[in-house]
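Okay, here's what each chain looks like letter by letter:
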Amino acid sequence: RAKRKKKKKKKKEKGTQLFRQYVLIHQDMAPGFGKAPLSKCLCTLCVGASVLASFLNVQHLCHLDIKNTFAHGQVWRLVTSQIVFSTQSGIFFGILLLYVFREFERRFKTPKFAVAVLVLTTLSTIFQLTLLAAKVTKRLASGPYSIVFGLFTFFFSEVPPSMKGGLLFIPISDKTFKYLFGLQLMFAEFPHSIWPSLCGLLAGILYRSRLFPFQRIRLPLWIQRCCAEYCKCFHTQSRRRRNAGYQQVPEVDPSMPQQLFGAPPAVPLVEPDPTRVQTLVGMGFEEQQARMALSRNGNNVEAAVGVLGANW
């Protein structure tokens, strides 16, 4: 019994942590590329460069190659190998995933997200050059595989599924489709796109690990000011102004849901769906709070999460 209680408590704490991360990611929701200028620049640059390379028929000059890069002085391959897609499916799924992962820029803020992109790209380029030097493969596909698959490590560990279901005894959630898009991108130029994808995943794992202080790297302030002035990718602001937006949230007694939802309404409440109640409980909420939130919001999980998250 003690082991079961301990396991249940650990599961609840994990659900609470995942939900708090979910709230952090979605609290600054904005339409389109709002609050994500760097993601917008990346998508625009990748699409423009890929279309231009296809129109000029110079895609063979964009992938990474040790001999041509260093012996023949074609150093532009170090850049084009990380931004130019060679296939139409790569452009579609790559830009789609970059658009999805713009949420991490909103969470990390643009300067930290820019550092993550630079670290992931640099590590992945080093890994790809190592593979070519060791003659593991003769050719590697070009494109921002390092950024996309590096951000997949954040997506896997920090974004909990908000909807769960099943198909023929196979568990499916809203994250499943993103993983399918990633697999499609990984095999977009098979077999040349496999190795860059794996290099991106390895770069993301190293960036998130505590073995190396990559997450402590900060972008110099003068670079942020230059980008804010010329390309509008950063919005510099003082620390006092940032801290002015924070407010002290009063403590709430979980045993008294009236503090969260106020007095009961005069209209009859909707009977909460047990499956959706368990979904909210899995996120770390008390069952009584989850039932009350679903009753007040017509069994709408997203609305209930918004109410509970606002009073977390």
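This text goes with the structure placed above it.
We now turn to the structure provided with this report.

### Considerations on a nonpolar patch on the surface
Among the surface-exposed residues, Phe177, Leu180, Leu183, Phe187 and Phe190 lie close enough to one another that they form a single nonpolar patch of about 540 Å² accessible area. Checked against the element boundaries, Phe187 lands in the loop between α9 (174–186) and α10 (194–208).

### Regarding the packing of aromatic side chains
As enumerated under the stated definition, the model contains 17 aromatic pairs in all. Between Phe92 and Phe93 the ring centres are 5.0 Å apart and the planes differ by 85°, which places this aromatic pair in the edge-to-face class. Accessibility expressed as a relative area gives 15% for Phe93, which makes it buried. With a centroid separation of 6.4 Å and an interplanar angle of 15°, the aromatic rings of Tyr145 and Phe149 are classed as stacked. Here Tyr145 pairs with Phe149, and both are found in helix α8 (residues 145–158), just 4 residues apart, close to one helical turn. Residue class for Tyr145 comes out buried when judged on its relative accessible area of 1%. On the accessibility criterion, Phe149 (3% relative accessible area) is buried. Counting every residue linked through ring pairs, the aromatic cluster contains Phe85, Phe101, Phe104, Phe108, Tyr145, Phe149, Phe152, Phe154, Phe155, Tyr179 and Tyr207.

### Thoughts on the nonpolar core
The biggest cluster of nonpolar side chains holds 47 residues, and the ones touching the most others in it are Phe101, Phe104, Phe113, Val148 and Leu185. Secondary-structure elements contributing two or more residues to this core are α2 (37–56), α5 (88–100), α6 (102–108), α7 (110–133), α8, α9 and α10. With 10 residues, α7 is the largest single contributor of residues to this core. Counting 11 residues, the second largest nonpolar core, distinct from the first, contains Val277, Phe285, Ala293 and Ala304.

Here is what the cut-offs are and how they apply
- Residues numbered from 1 in each chain as written.
- Predicted model: local features only at pLDDT ≥ 70, side-chain atom pairs only at ≥ 80, totals over all residues.
- Heavy atoms only, no water.
- Patch = residues over 30% accessible without salt bridge, like charges linked within 9 Å, V, L, I, M, F, W, Y side chains within 5 Å.
- Areas by Shrake-Rupley, 256 points an atom, 1.4 Å probe, with all protein chains shown as cover.
- Salt bridge = Lys/Arg side-chain N within 4 Å of Asp/Glu carboxyl O.
- Helix = DSSP H or I, 4+ residues; strand = E, 2+ residues; numbered from the N terminus.
- Phe/Tyr/Trp six-rings, centres within 6.5 Å; stacked < 30°, edge-to-face > 60°.
- Buried < 20%, exposed > 50% of the residue type's maximum accessible area, 1.4 Å probe, protein only.
- Core = buried A, V, L, I, M, F, W, Y, C linked by side-chain atoms within 4.5 Å.

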